[in-house]
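Summary of the model geometry
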Amino acid sequence: MNKTLLYMAAAAASLGMAAGFTSCDDEGVNPPVVIPGANGTVTENPVEPTISILELKEAFYDATKNGNDYSTVVGTKEDGTDYIIKGRIVSDTQTGNIYKYVMVEDGTACMAFSVDNSKLYETIRGKYGAVIAVNVTGLSLGTYRNNLICGVTEEGYDYPARIPKARWEELAIPQEAPDPSKVVPYEVTVADVLGYKNNTTELLTWQNRLVKFDDVHFTTPGLTYATAGTNVSRYFANEAGQQLILRNSGSSKWWWEVMPDGTGSITGILGYYSKDWQMQLNDLDGLAGFTPYVPPFFAESFGASLGQFTIENLIAVTGLDAIWKHSSKYSCAIATGYDSGSRKNYDSDSRLVSPELDLTGCTKATAKFDHAGNYFSSVDVMKQQITFEVSEDGQNWTAVAIPNYPSNSGFTFVNSGDIDLSAYCGKKVKVAFRYKSTAAKAGTWEVNNFSINVEK
């Protein structure tokens, strides 16, 4: 089908929608979606795709840009026909977390169309679950911070700018009425997704798709998803502590809600920014299986200071002003036996000790924290030199197993996993983070978001 026929079909579609459209936005009610064609069908305007979304992405992705934004106008195919894709809309802009984007999935990949319309959910061309065909010839493909999107070339923009609302209504041709029951997310794992960015085809395949992660948890339950008017990055992780960003809008209709606790599933749009994946929820219905957040019995984020924790050096060290410090830059407690000024390693043994914790009234107690480690001589040595300990008298200490350790490569925080302290219920205890180093090699340990939860 050439572009002229598509425009004619679009014009007919626009007339059909206008005939029955009544805005009820001021009353908080969605306007009815009117389907073009006879008897509420779209069979009068069938459109066949001329290329799959993945093929289109691969044809116009420019790896030579090395992460720099670009925008390339899409011409015609070699045979002179237009590039036309067809797929189902898997993004829902109604709650305000996804803004001015239409994500169209065809089974090979998903295309993110940047459209200058803040109420995309009011029309079939932006309605969750609808099927549309889009003539991409004349539009532009390019990347915004490494995420491939479709828009228009506009002066002053290195990346594709938003498609004007009127032009989108010409090029996006409704094919099927919205049917949310036919929107099925792809089930993926955090480990798999982290590997996808190392392969161009997988990177293009999975960008902007609707996906579902099972058996994950929020790293900071109890925090709100965002703050008013501000986009905020939160994190979720798998059992091994591998994390992904959850990007939330402070303009969404649920930004003030509190993130739940426990383990569950998260369904949303898998976007990409710079060098990292980031999820965006369509709405809070994308969460399942979690438990309501209950404030912890004791918590210390180490975000502003070492809090109520105190330092206990077991070896006197000259040449270092401190083993444990607070890092305002990284919002954590940090321990190292390395002095960057002299570039020397030191023998050290030091605890960061909590205040006394009264567990006499509980039947179950669980501790957890986030931590990162680097520069240890090996992972095995790291596990020997960073430990979590418990003491009933402040003198005798017992190491308690940490389920998850950092990779000892970079400073990526992982969650420790639940540490069972139930054996100490009915007692008063102190807990401590213990760090060791040698004059031959001194690693660095960073800790934050420590908490203890109890059950009565």
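Before reading further, recall that the structure is shown in the block above.
Calculation rules
- Residues numbered from 1 in each chain as written.
- Predicted model: local features only at pLDDT ≥ 70, side-chain atom pairs only at ≥ 80, totals over all residues.
- Heavy atoms only, no water.
- Helix = DSSP H or I, 4+ residues; strand = E, 2+ residues; numbered from the N terminus.
- Buried < 20%, exposed > 50% of the residue type's maximum accessible area, 1.4 Å probe, protein only.
- Contact = heavy atoms within 4.5 Å.
- Lys, Arg positive; Asp, Glu negative; His and termini not counted.
- Charge placed at Lys NZ, Arg CZ, Asp CG, Glu CD.
- Disulfide = S-S within 2.5 Å.
- Core = buried A, V, L, I, M, F, W, Y, C linked by side-chain atoms within 4.5 Å.
- Salt bridge = Lys/Arg side-chain N within 4 Å of Asp/Glu carboxyl O.
- Polar contact = N/O pair within 3.5 Å; in protein donor to acceptor, adjacent residues only side chain to side chain.

**Overview of the overall build of the chain**
On a plain count of helices and strands, the chain comes out with six helices and 31 strands. Dimensions along the principal axes, computed over C-alpha positions, put the chain at roughly 85 × 50 × 30 Å. Across the 456 residues that make up the chain, the buried fraction comes to 49%. Of all intrachain contacts in the chain linking residues separated by at least 6 positions in sequence, the fraction that spans at least 24 positions is 73%. Of the charged side chains in the chain, 37 are positive and 52 negative; the average position of the first set lies 4 Å away from that of the second.

**Observations concerning the state of the cysteines**
Scanning the entire structure with this criterion turns up zero disulfides. The thiol of C150 is not disulfide-bonded; the next cysteine sulfur, from C110, is found 12 Å away. Given a relative accessible area of 0%, C150 falls into the buried group.

**Observations regarding the nonpolar core**
Formed by 37 residues in total, the largest nonpolar core has its most connected members in F388, L421, F433 and F450. Residue contacts for F450: discarding those within four places in its chain leaves F298, A299, E300, F302, F309, A367, K368, F369, F388, V431 and F433. Formed by 33 residues, the second largest nonpolar core is a distinct cluster that contains Y83, I124, V136 and V152.

**A few points about the pattern of salt bridges**
Per the counting criterion, the structure on display carries 13 salt bridges. For the salt bridge of D276 with K197, the shortest nitrogen-to-oxygen distance reads 3.7 Å. Placement of the pair is D276 in strand β15 (residues 276-280) and K197 in the loop between α4 (190-196) and α5 (200-206), with a sequence separation of 79 residues. D321 is the salt-bridge partner of K325, the closest N and O atoms lying 3.3 Å from each other. A relative accessible area of 38% places K325 in the partly exposed class. In this structure D321 comes out as exposed when scored by relative accessible area, which is 69%. One continuous salt-bridge network, built from bridges that share partners, spans E312, D349, R351, E389 and R434.

**Observations concerning the environment of E105**
Its place among the elements puts E105 in strand β3 (residues 101-105). For E105, a relative accessible area of 10% puts it in the buried group. Each C-alpha atom, one on E105 and one on S52, is 9.8 Å from the other, the two residues being 53 residues apart in sequence. Among residues more than four places away in sequence, those in contact with E105 are I53, G87, R88, V90, C110, Y186 and R209. Among the polar contacts made by the side chain of E105, one reaches the main-chain amide nitrogen of G107 at a distance of 2.8 Å.

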